[in-house]
Amino acid sequence: MYKRIKSIIWVGVMFSLLLFAMACNSDSPQSTFDPHGPIAELQKNLFMFTFWIAVVVFIIVEGGIIYLTFKYRKKDDNLPVQTHGNLKLEITWTIIPAIIVVIIAIPTVIAIWETQVMPEEEDSLVIEAVGHQWWFEFKYPTEEIVTANELHLPEDKDIIVKIGSQDVLHSFWIPKIAGKVDMVPNHQNQLYIKADEPGLYYGQCAEFCGIVHAMMRFRVIVHTQEDYQNWLDEMRTPPAKLTSGSDEDEGRKLFVGNCSMCHTYDSYKKGAYTKEVTSQYNRWEEWKNDKENSAIVSAPNLTHFGNRITLAAGIKENNLENLIKWIENPDEIKIGTRMKNHASIYRDGNELSNEQINQIAKYLLSLKPSQESSATYNK
Ligand code: CUA
C-alpha cells in the first residue's frame, strides 16, 4: 500500500513538473512569457514580481513545516508542554502578510492604471473587434476597412480595440501583445494595445462560446508603419479582371449566385464600409428572426481572401486543397458552423459538383489586390 502511494505521488510530481515546463516554454506561439508589446511586457513583469514573492513565501512556509515536523516528531509517549496563544507570534504573522499584500498592490494598481486608461482617440488607431460564433470580424472605422480573422496592425502605435459581440460571450486575446478582454453582446469593452515588433502573432477566443470555442482563433500581422500603409492601399485596390471562361471566372459566377448573400467580397470599393456594416447587421437580424430556416447569416468578409494566411478562423493553412475540403464539408474541419447549417448548397438537391467547388476555391484564392491597378480609393 505504502509503495503504491509513493509511486502515485512520484507520477504526480513528474506530471506537474512536465506541465510546468510546457507552460513556461516561451517559444510557443501563445506564450505570455515572450511579450512583444509594452502592455504584455507590463503584465508579464507584474506576474513575475508576484510569482517570485510567492516562491519566497512558499519556501519559508514549507521549509518551516518540514523542519518543525522532523524536529518535534513524536519521540516517546510523553505529552509535550501544552501552550495556548502567543501574542508576539500572532501579531508577526498578521503583519507580515499585510505588508506583502501592500508590496504587491502598489505595482498592480499602477499596471491597472496604465492599461485601463485609454490613450487619446485622435492620436490612436481605433479598431472594432466583433465576436461571432466562431470567427472574428475586424473593422477600421476611420480607414473604412473591414476584414475577418486576420488583424493587421502598425508597429509602435497606440491602438484602442473596441470590443463587442454579435451573439454570445467571447473573449479577445493576443497572448504576446496584451491580456484578454471579454466580448459581450450589447456592451462595448475597450482594450489598449501596442505592438513593438513586426511579425505574425496568434489570437484566440478565451471564453467558452459554444461547440467550437477552441477553434475560434485569429492571426495578427504587425507591420512596419510603411507596410501598414501599403496594406491599407491594397485593401482599396480591386483584384485583377478574370479571363472569361476561366475556372476562376466560372467560380465567380457560382460564388455570386450561392455565397455572396452572406460573404461580401468587394469591400475595396468606395463606400463599401458603411454598406458592409449595414449588411452584416441585416444578415444577423434575418437569422435571429428564423434561426431554423434562415438562408442567410452574418459571415466573414472575404475581400482579398487570396491574401489570407489561414481559413476557418485560423484553423487551416489557406491553400487550394484545404479550401476545397472546407467548402465540401465545413463540419469535417470545424463542426457546427452556421455556413453548413444555412447555406443552400448543403441542402439536398442543391449540392455543388466537385468541379464547381474547385472553381469556387480557385476564384476565392484569386481574390488579391491586382498588381497592375494602383489604389483607386481616394478620399
Ligand atoms: Cu468565441 Cu470562445
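Residues numbered from 1 in each chain as written. Predicted model: local features only at pLDDT ≥ 70, side-chain atom pairs only at ≥ 80, totals over all residues. Heavy atoms only, no water.

**Some remarks on the overall build of the protein chain**
Looking only at helices and strands, the protein chain features ten helices and twelve strands. The C-alpha atoms of the protein chain give a radius of gyration of 28 Å, which is well past the 21 Å a tight globule of 379 residues would have. Burial statistics for the protein chain: of 379 residues in total, 39% are counted as buried. At a minimum sequence separation of 6, the contacts of the protein chain that also span at least 24 residues come to 68%. (Helix = DSSP H or I, 4+ residues; strand = E, 2+ residues; numbered from the N terminus. Rg over C-alpha atoms; globule rule 2.2 N^0.38 Å. Buried < 20%, exposed > 50% of the residue type's maximum accessible area, 1.4 Å probe, protein only. Contact = heavy atoms within 4.5 Å.)

**Some words on the pairing of strand β5 (residues 159–165)**
The buried count for β5 comes to seven of seven residues, which makes it a mostly enclosed element. The two faces of β5 match: Ile-159, Val-161, Ile-163 and Ser-165 on one face and Ile-160, Lys-162 and Gly-164 on the other face are all buried. Direction of pairing for strand β1 (residues 125–132) relative to β5: parallel, over a ladder of seven bridges. Opposite Ala-129, over in β5, you have Ile-163 as the bridge partner. Inspection of the sheet shows β5 paired to strand β8 (residues 189–193) by five bridges, in the antiparallel sense. From the neighbouring strand, Ile-160 faces β8, where its bridge partner is Tyr-192. (Pairing = 2+ DSSP bridges.)

**Thoughts on the pairing of β1**
With seven of its eight residues buried, β1 lies for the most part within the structure. Direction of pairing for β1 relative to strand β2 (residues 135–140): antiparallel, over a ladder of five bridges. The residue of β2 that forms the bridge with Ala-129 is Phe-138. Hairpin connection from β1 to β2: two residues lie between these consecutive antiparallel strands.

**Concerning the sheet that holds strand β3 (residues 145–148)**
Pairing within the open sheet is mixed, and its five strands lie in the order β3-β2-β1-β5-β8. With partners counted over all chains shown, the strands left at the sheet margins are β3 and β8, one partner each. Looking at each pair of strands side by side, their axes are set apart by 25 degrees on average, direction ignored. Against the sheet, helix α6 (residues 272–289) makes contact with β2 and β3, and its axis sits at roughly 145 degrees relative to β2, the strand it touches most. (Axes fitted to C-alpha atoms, helices over the stretch in contact; angles between N-to-C directions.)

**Observations concerning helix α3 (residues 87–116)**
Here α3 contains 30 residues, and its C-alpha end-to-end distance of 43 Å stays within 8% of the 44 Å for a straight helix at 1.5 Å per residue. A maximum bend of about 25 degrees is found in α3 at Ala-105, where proline Pro-107 lies one to four positions downstream. Turning to α3, its buried residues are Ile-104, Ala-111 and Thr-115. (Expected span 1.5 Å × (residues − 1). Bend = angle between axes of the 7 residues up to and from the residue.)

**A short note on empty space enclosed by the protein**
Evaluated as defined, the whole model comprises one cavity of 30 Å³ or more. What lines the largest cavity is Glu-144, Ile-145, Val-146, Met-235, Arg-236 and Ser-267. Residue composition of the lining of the largest cavity, by class: three nonpolar, one polar and two charged. (1 Å grid on protein atoms, 1.4 Å probe; cavity = no way out; pocket = protein on both sides within 12 Å on 5 of 7 lines; lining within 4 Å. Points joined across faces, edges and corners; volume = space filled by probe spheres on them. Nonpolar A, V, L, I, M, F, W, Y, C, P; charged D, E, K, R; others polar.)

**Concerning the side chain of Glu-137**
As for its position among the elements, Glu-137 is in strand β2. Buried within the structure, Glu-137 lacks any salt-bridge partner; Lys-139 is the closest side chain of opposite charge, at an N-O distance of 4.8 Å. (Lys, Arg positive; Asp, Glu negative; His and termini not counted. Salt bridge = Lys/Arg side-chain N within 4 Å of Asp/Glu carboxyl O.)

**Here's the deal with the pattern of salt bridges**
With the rule as written, the count across this model stands at twelve salt bridges. When the shortest N-O distance is used, the salt bridge between Lys-176 and Asp-34 registers 3.2 Å. With Lys-176 in the loop between β6 (170–174) and β7 (178–183) and Asp-34 in the loop between α1 (2–23) and α2 (38–71), this pair connects stretches of sequence that are 142 residues apart. Accessibility expressed as a relative area gives 7% for Lys-176, which makes it buried. Taking relative accessible area as the criterion, Asp-34 reaches 28% and is therefore assigned partly exposed. As a salt-bridge pair, Lys-139 and Glu-128 come within 3.8 Å of each other at their nearest N and O atoms. Here Lys-139 is found in strand β2, whereas its partner Glu-128 is found in strand β1, with eleven residues between them in sequence.

**Examining a nonpolar patch on the surface**
Together, Ile-5, Ile-9, Trp-10, Val-13, Met-14 and Leu-17 make up a nonpolar patch on the protein surface, roughly 610 Å² of accessible area in all. One can find Ile-5 in helix α1. In this structure Ile-5 comes out as partly exposed when scored by relative accessible area, which is 40%. (Patch = residues over 30% accessible without salt bridge, like charges linked within 9 Å, V, L, I, M, F, W, Y side chains within 5 Å. Areas by Shrake-Rupley, 256 points an atom, 1.4 Å probe, with all protein chains shown as cover.)

**Here we look at the layout of surface pockets**
In this model, the largest pocket occupies a volume close to 670 Å³. Around the largest pocket sit 38 residues that line it, and His-263, Ala-299, Pro-300, Trp-326 and Met-339 are the ones nearest its centre. Elements represented by at least two residues in the lining of the largest pocket include exactly α5 (247–258), β11 (310–311), α7 (320–328), α9 (338–342) and α10 (354–366). Taken together, the residues of the lining of the largest pocket sort by class into 26 nonpolar, nine polar and three charged. The volume enclosed by the second largest pocket comes to roughly 470 Å³. Forming the walls of the second largest pocket are 23 residues, and the residues nearest its centre are Val-130, Ser-165, Gln-166, Asn-186 and Tyr-281.

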